[in-house]
Amino acid sequence: MADLKEYFPMIRERKEVMEEIGKKDSLRVMFASWTEEQQEEFLDWCMGVRGIRMLYDGFFKEIMNPESTPERLDELLSLLLGFPVRIRMVLPNDSTRLADECSLLVTDLVVELKDGSLANVEVQKIGYMFPGQRSACYSSDMLLRQYKRVRSKRRKKFSYRDVKPVYTIVLFETSTKEFHEFPHVYVHRFGQRSDTGLKAELLQKYIFIPIDIFKKTQQNKDVTGKLDAWLLFLSTDEPEEIIKLIKAYPEFKPMYQQAYEICRNMEVVMGFFSEELREMDRNTVQLMIDEMQEELDRKRGELEKTSEELARNKGELAQSKEELAQSKEELVQSKEELAQSKEELKQALLRIAQLEKEQRQRV
């Protein structure tokens, strides 16, 4: 079995970790509040039995901090966007998103690039339904935010050319069903374009990355390419894969070292873990709400369809009744005509009999 401690000697043994937890009442209480499975998962982190999950919000923000180590996020964004970028500043998350929508995001990082473009990097633990609609709303919010800021700054000199693209980049640890219709694709890029070839700079761009699909495509494969190396760094907690990664791309080793240094601060790392557990609970609840809403919408759709069919059937029944009444009326009329014809025939026969009788009398 691969031993991460050979590469990161700051990793501690179980006894050391438990002794540190036992030194403070607050840490003991927090540790005791976790299930046995969660306790073991946490200890595996600290001891290097499992690698650290870099997409956990606390670790992601520390390791990928664009203020202290901007070159890391610069490189990742450059690989995803397909052209070199440099981060100018980190923007506060002061958008107008609804509070419940914000809770859906584990990580939500907004940066301004050197050319004035905005990039919003999001990490979702569980992919929520309607990812396109949600992302479009977030992107529109970010675009409006940029427009207001640029217009306020430029004033009378403002031109719509001053408004730059906004990029929404979403990493899904567990992606929704539509992504699994493309089981071998793990980077989806979206942009608006004309169906006629007309060129117009539409500013909203999207990149969706289903991490779970990436992991499936990479099983038992060597890392080929820097983007795949980054995605493996962000997704794997397998010691063998981590060692393979840092051997192929040594530049990732300092990031792991930083993460294991964080693990030596027991209060901080336990806080990270506790927050992840809370986020998972909130995500699970929201997912259940979404699923129930979808089921409710489906039932409502079925009910509306049934109501339409019932109304159509009622209309057809009413028409059938009218046709039946008309047929009955025609039948009555036919019977009357038949009775009249019979009477006329009877009278004609009587007349013929009378004529025959008169003829015989003359003879």
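Before any of the text, the structure's been laid out above.
Residues numbered from 1 in each chain as written. Predicted model: local features only at pLDDT ≥ 70, side-chain atom pairs only at ≥ 80, totals over all residues. Heavy atoms only, no water.

Undergrad: Now, about the pattern of salt bridges: what can you tell me, with residues and values included?
TA: A full pass over the atoms with the stated rule returns 16 salt bridges. In this structure, the salt-bridge partner of Glu 20 is Arg 12, at a minimum N-O distance of 2.6 Å. (Salt bridge = Lys/Arg side-chain N within 4 Å of Asp/Glu carboxyl O.)

Undergrad: Describe in detail the nonpolar core, supporting the description with residues and values.
TA: Counting 77 residues, the largest nonpolar core has Phe 42, Phe 59, Leu 77, Phe 233 and Phe 252 as the members making the most contacts within it. At 7 residues, helix α9 (residues 226-235) tops the list of elements feeding residues into this core. With residues near it in sequence (within four places) discarded, Phe 59 still touches Trp 45, Ile 52, Arg 53, Met 54, Met 64, Ala 259, Ile 262, Cys 263, Val 269 and Phe 272. Core analysis: the next-biggest nonpolar cluster, separate from the first, contains 10 residues, Leu 91, Phe 158, Val 163 and Val 166 among them. (Core = buried A, V, L, I, M, F, W, Y, C linked by side-chain atoms within 4.5 Å. Buried < 20%, exposed > 50% of the residue type's maximum accessible area, 1.4 Å probe, protein only. Helix = DSSP H or I, 4+ residues; strand = E, 2+ residues; numbered from the N terminus. Contact = heavy atoms within 4.5 Å.)

Undergrad: Give me the packing of helix α5 (residues 70-81) against α9: which residues, what numbers.
TA: Interaxial distance between α5 and α9 falls to 10 Å at its minimum, and their mutual angle equals 125°. If you check the angle between α5 and α9, you find them oblique. Note on packing geometry: the crossing formed by α5 with α9 is left-handed. Between α5 and α9, the contacting residues are Arg 72, Glu 75, Leu 76, Leu 79 and Leu 80 on the first element and Lys 226, Leu 227, Trp 230 and Leu 234 on the second. Of the residues that constitute the contact of α5 with α9, the class distribution is 6 nonpolar, no polar and 3 charged. (Axes fitted to C-alpha atoms, helices over the stretch in contact; angles between N-to-C directions. Parallel < 35°, antiparallel > 145°, perpendicular 65-115°, else oblique. Left-handed = near helix turned anticlockwise from the far one by under 90°. Nonpolar A, V, L, I, M, F, W, Y, C, P; charged D, E, K, R; others polar.)

Undergrad: Give a detailed account of the environment of Arg 149, specifying residues and quantitative values.
TA: For Arg 149, the position within the fold is in helix α7 (residues 131-154). For Arg 149 and Val 163, which are 14 residues apart along the polypeptide, the C-alpha to C-alpha distance reads 9.6 Å. If we skip the residues at most four places from it in the chain, Arg 149 touches Leu 91, Glu 112 and Leu 118.

Undergrad: Tell me about the packing of aromatic side chains, and name the residues and values.
TA: Aromatic rings in a pair are described by how distant their centres are and how their planes are angled relative to each other. Inspection of every chain in the model, using the stated rule, returns 26 aromatic pairs. Consider the rings of Phe 8 and Tyr 256, whose centres lie 6.0 Å apart with planes at 45°: the pair is tilted. With Phe 8 in the segment before α1 (14-22) and Tyr 256 in helix α11 (residues 253-263), the pair connects residues that are 248 residues apart, well separated along the chain. Classification of Tyr 256 as buried rests on a relative accessible area of 0%. (Phe/Tyr/Trp six-rings, centres within 6.5 Å; stacked < 30°, edge-to-face > 60°.)

Function cannot be read off these values alone, since they describe shape.
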